[in-house]
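So the chains spell out like this:
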Amino acid sequence: MAQHAERTHHLTFNTDGRPHPLENTLVAVTVLLGAIAIISSAFNSLHLLSSWTGLVGILTGGYGQFISATTAERFALVIGLGMAAVGFYLGVAHGGLFGGLW
């Protein structure tokens, strides 16, 4: 007789069954910073916000990739890193990290 394996269908980055609070926090921060960077890069006057949040998002995402434990964490980090990088590059193209301050 076939046995039925119970599956839980909930969103989690802890696919190995162990908690990863630091890694999950880095995922959330990276995705949030990436979203802010890419949204603010659509406006030329917000180049300081998009370039700095993009740079910090790239750094947090890179460190998160370095210490990530599961594939789900890495997947979300790559999405956040991509958004942060695009926001950073567009922010730099619109005026840079210090453009207009000096």
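Residues numbered from 1 in each chain as written. Predicted model: local features only at pLDDT ≥ 70, side-chain atom pairs only at ≥ 80, totals over all residues. Heavy atoms only, no water.

### Here we look at helix α3 (residues 71-94)
Counted at 1.5 Å a residue, the expected span for α3 with its 24 residues is 34 Å, and the 35 Å between its end C-alpha atoms agrees. All of the buried residues in α3 are E73, A76, L77, G80, A84, A85, G87, F88 and G91. Buried residues belonging to α3 abut α1 (21-40) and α2 (47-67). Looking one or two residues beyond α3, the residue adopting positive phi is G96, at roughly 90°. (Helix = DSSP H or I, 4+ residues; strand = E, 2+ residues; numbered from the N terminus. Expected span 1.5 Å × (residues − 1). Buried < 20%, exposed > 50% of the residue type's maximum accessible area, 1.4 Å probe, protein only. Contact = heavy atoms within 4.5 Å.)

### A closer look at the pattern of salt bridges
Pairs may arise between side chains of opposite charge once their charged atoms sit close together. Counted under the stated rule, the structure contains one salt bridge. A salt bridge links R18 to D16, with the nearest nitrogen and oxygen atoms 3.2 Å apart. (Salt bridge = Lys/Arg side-chain N within 4 Å of Asp/Glu carboxyl O.)

### Details of the packing of aromatic side chains
This model, assessed by the stated rule, comprises two aromatic pairs. Ring geometry for W52 against F98: centres 5.6 Å apart, planes inclined by 75°, an arrangement best described as edge-to-face. Taken as a pair, W52 in helix α2 and F98 in the segment after α3 lie far apart in primary sequence, 46 residues in all. A relative accessible area of 37% means that W52 is categorised as partly exposed. Overall, the relative accessible area of 41% leaves F98 in the partly exposed class. (Phe/Tyr/Trp six-rings, centres within 6.5 Å; stacked < 30°, edge-to-face > 60°.)

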